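Coordinate inspection notes
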2 protein chains.
Amino acid sequence: MTQTDTVGRILDAAEVLFAERGFTETSLRTITSTAGVNLAAVNYHFGSKKELIQAVFERFLTPFTRSLVEELDRREAMDEPLSAERLLDSLYRVAMANLEREGRNPQRFMRLLGLAYTQSQGHLRRFIVSRYGDSYQRFAGLLSKALPGLDPVTFYWRLYFMLGATIFTLSSFDAIEAILKEDFGAESSLQETLERLVPAAAAMLHADL
Amino acid sequence: MTQTDTVGRILDAAEVLFAERGFTETSLRTITSTAGVNLAAVNYHFGSKKELIQAVFERFLTPFTRSLVEELDRREAMDEPLSAERLLDSLYRVAMANLEREGRNPQRFMRLLGLAYTQSQGHLRRFIVSRYGDSYQRFAGLLSKALPGLDPVTFYWRLYFMLGATIFTLSSFDAIEAILKEDFGAESSLQETLERLVPAAAAMLHADL
DNA sequence: CGAGTCGTCAAACAAGTGTTTTAATTGATG
DNA sequence: CATCAATTAAAACACTTGTTTGACGACTCG
């Protein structure tokens, strides 16, 4: 079964290269040569570069979203009150567990998520929303319920503030960490950074009007 | 004096197009044709595409940074205690005033700032840090002084959280606004969004450890 | 007027892009 | 073993990219 192998090697290489340089800055020739496969293999197996990009996202977003939904199911079944902190903690914990299980680099996925938003590839945004939008609407709904007394519009803006803080810092984690290390000699693990992020994000959601 | 005119037209067109599509997705031919000038004009006046990108940033970052420094001078001269809220408010106010004065679109510059960070054009990041780094170190220093009892590493992480929330949301302002309008029928002005952002960001900086 | 700089222009350049084609190779099935 | 589909391979395709060239006109200044 060589097919699965070629497809996997292409996805592995594309994932790394896209995260490092972005989509348009990464050529199919670079991908196929680092994957050790023929140039035509991308178009043969995926159809086009666009579809390859979507496949890269699908491979990590599908299991991650499923885990998140399962976690939300569990939390809701216990029907103890769901605090915002707990929900954020669940979100980050699921993300980390999912990525580490597959032995992949969490920052890389944050970089990819960031690219999906900033690098305005319209097709990608549409693909992600249509495929995973419902699950994240559900998360937002639960979070909103944990924050009574917040009007919907303010809530949604703060949700985006939080999303921005998360994606931006984690996708630049290596760069920021290097700066802090040089200035203060302090190493920061990703774990520690998330432990800083959760209470900070929660405080932002809870801020007085 | 046709020279100034051509240079200005190129900068105007490049500014808009870069913000809309990113750097690599915008070709010199697109820029020169929407600017109504000859293709060779870019290389003639700026040298290369890289230097054009830097020139676009220089044109709006230089006056903005100067205004910010002047504002900080004024605030410090009054030597009343500088709260974090006041500092953030100064920052946003200066940014808006600077951009509106020139009749340009504030979101566009946030998009450009976001691109400067995400689209990992190394040369741009180096250019900005070397040119404007000192001024922003000073802002960070004042903000840090307004938040005693916060260890430096946590402070800097929260500073990046804040930066991420700001750049991310404001650079996607139009998209987010469209979503909120569809879901809640609520229009949000940029002014209102900043008035939501300031207290939220301040709460994040002040969060308990 | 004539020399010389500065800016503009059309054209060409070399290199790189995603995709397609056609042929070779593989591996399983009847 | 022969057959046939699935996969890989090399080459070419058509097009776009940033940059350079050399001719041409406009202009100032001695």
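Residues numbered from 1 in each chain as written. Chains lettered and ligands numbered in written order. Predicted model: local features only at pLDDT ≥ 70, side-chain atom pairs only at ≥ 80, totals over all residues. Heavy atoms only, no water.

Under an unreviewed UniProt entry, chain A has the name HTH tetR-type domain-containing protein and belongs to Microbulbifer aestuariivivens.

Observations concerning helix H9 (residues 173-184) of chain A
Given a rise of 1.5 Å per residue, 12 residues ought to cover 16 Å, and the 16 Å separating the end C-alpha atoms of H9 of chain A matches this to within 8%. Restricting attention to buried positions, one finds in H9 of chain A the residues Phe 173, Ile 176, Glu 177 and Leu 180 of chain A. End-on, the buried residues of H9 of chain A take up no more than an arc of 100°, which puts them together on one face. Structurally, H9 of chain A contributes buried residues whose contacts are with helix H6 (106-118), helix H8 (152-171) and helix H10 (190-206) of chain A together with helix H8 (152-171) of chain B. Looking one or two places after H9 of chain A, you find Gly 185 of chain A, whose phi comes out positive at around 65°. (Helix = DSSP H or I, 4+ residues; strand = E, 2+ residues; numbered from the N terminus. Expected span 1.5 Å × (residues − 1). Buried < 20%, exposed > 50% of the residue type's maximum accessible area, 1.4 Å probe, protein only. Arc of directions from axis to C-beta. Contact = heavy atoms within 4.5 Å.)

Brief notes about the relation of the copies chain B and chain A
Once chain B has been moved 0.0 Å along the axis and rotated by 180°, it coincides with chain A to within an RMSD of 0.0 Å. Seen this way, the second copy is the image of the first under a two-fold rotation axis. When the interface residues of chain B are mapped onto chain A, 100% of them are again interface residues, pointing to one common binding face. (Least-squares fit on C-alpha atoms with pLDDT ≥ 70 in both.)

Details of the pattern of salt bridges
Residue and element names in this part refer to chain A. Evaluated as defined, the whole model comprises 24 salt bridges over all chains. In this structure, Arg 108 engages Glu 15 in a salt bridge whose closest nitrogen and oxygen atoms are separated by 2.9 Å. Taken together, the residues Arg 108 in helix H6 and Glu 15 in helix H1 (residues 2-21) connect sequence positions 93 residues apart. (Salt bridge = Lys/Arg side-chain N within 4 Å of Asp/Glu carboxyl O.)

Description of the side chain of Thr 65 of chain B
All names here are of chain B. With respect to the element layout, Thr 65 can be found in helix H4 (residues 49-77). Under the relative-accessibility criterion, Thr 65 is labelled buried at 5%. Excluding residues that lie within four positions of it along the chain, Thr 65 makes contacts with Tyr 132, Ser 135 and Tyr 136.

Looking at the domain arrangement of chain A
Residues and elements named next belong to chain A. Under the domain assignment used here, chain A contains domain 1 (1-47) and domain 2 (48-206). Contact residues are listed per partner, giving 20 residues for domain 1 and 18 residues for domain 2. Between domain 1 and domain 2 lies a buried interface of about 1,700 Å² when both sides are counted; carbon and sulfur atoms form 66% of it. The largest per-residue losses of area from domain 1 upon contact with domain 2 belong to Glu 15, Ala 19 and Phe 23, which jointly make up 43% of the total buried on that side. At the junction of domain 1 with domain 2, the criterion picks out 4 salt bridges. (Domains from an automatic or database assignment. Buried area = accessible area lost by both parts, 1.4 Å probe.)

Some words on the protein's contact with DNA strand D
Around DNA strand D, 17 residues are found, and the nearest of them are Thr 6 and His 45 of chain A together with Leu 28, Arg 29 and Lys 49 of chain B. Sugar and phosphate atoms form 50% of the subset of DNA strand D atoms that lie within 4 Å of the protein. Contacts to DNA strand D include Thr 6 of chain A, whose side-chain N or O atom sits 2.5 Å from a phosphate oxygen. A distance of 2.7 Å is found between a phosphate oxygen of DNA strand D and a side-chain nitrogen or oxygen belonging to His 45 of chain A. Counting only elements with at least two residues in the surface near DNA strand D, the list comes to H1 and helix H3 (41-45) of chain A together with helix H2 (28-35) of chain B. Sorting elements by how many residues they give to the surface near DNA strand D places H1 of chain A first, with 3 residues. A class-by-class count of the residues in the surface near DNA strand D yields 5 nonpolar, 9 polar and 3 charged. (Near = heavy atom within 4 Å. Polar contact = N/O pair within 3.5 Å; in protein donor to acceptor, adjacent residues only side chain to side chain. Nonpolar A, V, L, I, M, F, W, Y, C, P; charged D, E, K, R; others polar.)

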